[in-house]
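Structural overview for review
Each chain, written out:
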Amino acid sequence: MAGNSFGQLFRLTTFGESHGKALGGVIDGCPAGITLDLEQIQHELDRRKPGQSAIVTQRKEPDTVEFYSGIFEGKTTGTPIGFAIHNTNQKSKDYSHIKDSYRPSHADYVYDKKYGFRDYRGGGRSSARETASRVVAGAIAKQLLNGVKINAYVSQVGEMKLEKDYKALDLSKIDSNPVRCPDMEMAQKMEDYIKSIKKQGDTIGGVVSCVIQNVPIGLGEPVFDKLHATLGAAMLSINAVKGFEYGSGFAGVQMKGSQHNDAFNSDGTTTTNRSGGVQGGISNGMDIYFNVAFKPVATVLQAYETINKEGEKVTTQGKGRHDPCVVPRAVPIVEAMAALVLADYMLLARSNKI
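The following refers to the structure shown. (Residues numbered from 1 in each chain as written. Predicted model: local features only at pLDDT ≥ 70, side-chain atom pairs only at ≥ 80, totals over all residues. Heavy atoms only, no water.)

This part is about the packing of aromatic side chains. Each aromatic ring pair is characterised by the separation of its centres together with the angle its planes make. Inspection of the entire model under this criterion finds 5 aromatic pairs. Plain terms: the ring middles of Y102 and Y109 are 5.3 Å apart, the flat faces sit at 90 degrees to each other, and that makes the pair edge-to-face. (Phe/Tyr/Trp six-rings, centres within 6.5 Å; stacked < 30°, edge-to-face > 60°.)

Take the side chain of N284 next. Position of N284 relative to the elements: it lies in the loop between β13 (282-283) and β14 (288-294). Beyond its immediate chain neighbours, meaning those up to four positions away, N284 contacts I217, G277, V278 and Q279. (Helix = DSSP H or I, 4+ residues; strand = E, 2+ residues; numbered from the N terminus. Contact = heavy atoms within 4.5 Å.)

Turning our eyes to something else, we now look at helix α3 (residues 131-144). Here α3 contains 14 residues, and its C-alpha end-to-end distance of 20 Å stays within 8% of the 20 Å for a straight helix at 1.5 Å per residue. Most of α3 is tucked away: 12 of the 14 residues are buried. Turning to α3, its buried residues are T131, A132, S133, R134, V135, V136, A137, G138, A139, I140, A141 and L144. (Expected span 1.5 Å × (residues − 1). Buried < 20%, exposed > 50% of the residue type's maximum accessible area, 1.4 Å probe, protein only.)

This paragraph deals with the environment of M235. Within the element layout of this structure, M235 appears in helix α5 (residues 227-236). Sequence separation between M235 and T13 is 222 residues; the distance between their C-alpha atoms is 16 Å. Not counting residues up to four positions away in its chain, the partners in contact with M235 are V241, F244, F290, V292, V334, M337 and A338.

This part takes up the environment of L171. Mapped onto the elements of the fold, L171 is located in the loop between β9 (160-161) and α4 (184-199). Every residue in contact with L171, bar those within four places of it in the chain, is listed here: N151, Y153, Y166 and P182.

Ranked by size, the top nonpolar core spans 81 residues in total, and within it F10, I212, F290, F294 and V334 carry the most contacts. By residue number, the principal contributor to this core is helix α7 (residues 327-353), which donates 18 residues. Setting aside residues up to four positions removed in sequence, I212 forms contacts with V148, K149, I150, D287, I288, F290, A338 and L342. (Core = buried A, V, L, I, M, F, W, Y, C linked by side-chain atoms within 4.5 Å.)

Here we take up the environment of L347. Of note, L347 is situated in helix α7. Distance in space between the C-alpha atoms of L347 and K167 is 29 Å, their sequence separation being 180 residues. Apart from the residues within four sequence positions on either side, L347 is in contact with L9, F10, G29 and P31.

A few words now on the sheet that holds strand β4 (residues 65-67). The strand order across the open sheet built from 5 strands is β1-β2-β3-β7-β4, with neighbouring strands paired in antiparallel fashion. One side of each edge strand has no neighbouring strand; the edge strands of this open sheet are β1 (5-6) and β4. Bridging between strand β3 (residues 22-28) and strand β7 (residues 81-86) involves 6 bridges; their strand directions are antiparallel. Within the sheet, the bridge partner assigned to G25 lies in β7 and is F83. Along the sheet, helix α1 (residues 38-48) contacts β4 and β7; its crossing angle with β4, the most-contacted strand, is approximately 145 degrees. Contacting β2 (11-16), β3, β4 and β7, α3 crosses the sheet at an angle of about 140 degrees to β7. (Pairing = 2+ DSSP bridges. Axes fitted to C-alpha atoms, helices over the stretch in contact; angles between N-to-C directions.)

On to the sheet that holds strand β8 (residues 149-157). Pairing between the strands of a sheet is mediated by backbone hydrogen bonds and can be parallel or antiparallel. Sheet architecture is open: 5 strands sit in the order β9-β8-β10-β14-β11, paired in antiparallel fashion. Because the sheet does not close on itself, it has two edges, and the strands there are β9 and β11 (241-246). Running at roughly 55 degrees to β8, α4 makes contact with β8 and β9 of the sheet.

And the structure:
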């Protein structure tokens, strides 16, 4: 299986399955001498871990990260950083009913056809549990990006959409509620809605918005390595993601060019920021902001019709512990992938000046 690494200079390779002994990764290219706050890294993992509230999967995993290399006396050594997160609460029998059948809208069918074999326990390698390794690497990347602020939050659940611009929100309140929406009134409505969906044995999708501030000018490598293109690839690599838009996004098509253009101030900043902080594939120093759309979780705790390995129609039902809505736990994952992209491009920018 290819495609387990991300990044050019700051490069992460992940390993592990949902119901294997452990997940983990190796970070290659992290500069030496970076003082790491290990408690902050664990805090980021705690934001992603299962069982943290009533509106997420009730699988109980401590998700404690253990580092095996690349760190000495609290600082990076410049050598590969190896780490692991051990699985402790697997219930593989919850998936025995899909051993010979395929769940709709999962990777089951294509894995079997591509590789001729699959780990059906929790989806194996295709499980969103793999993202725990990304959060560890992203937390380290955040500490490399000294001064750059990355804040993601839930802006939509189903048809419930937060219409306020991010500048009108208090982003310090993101983690003050289980949904991770910085608007308290909307957060409560979203939470109640997710709970009602869960009672129905169903799931719902949503949108995670992300804002990156204090980005230096000049990150991005045209032509094929545009900053926004790599951010899009990073976000679309996250499980359940169906859409990515940055800056004015799809709404921009309704505007005329004279309305959409960002006029310059004398210091090089712009009066508006419909470009979303990226022009010509290169950061321009303005805030980078984008939206990431997540589909409803494919596993529903209702009876459904599917096919087995012989192509026969069968009826089965979702079992086990699943998120009724992934977006609250996806917030730290979106931040982590954004941090990995920026860390990589920052090192690339430095290498261009050598």
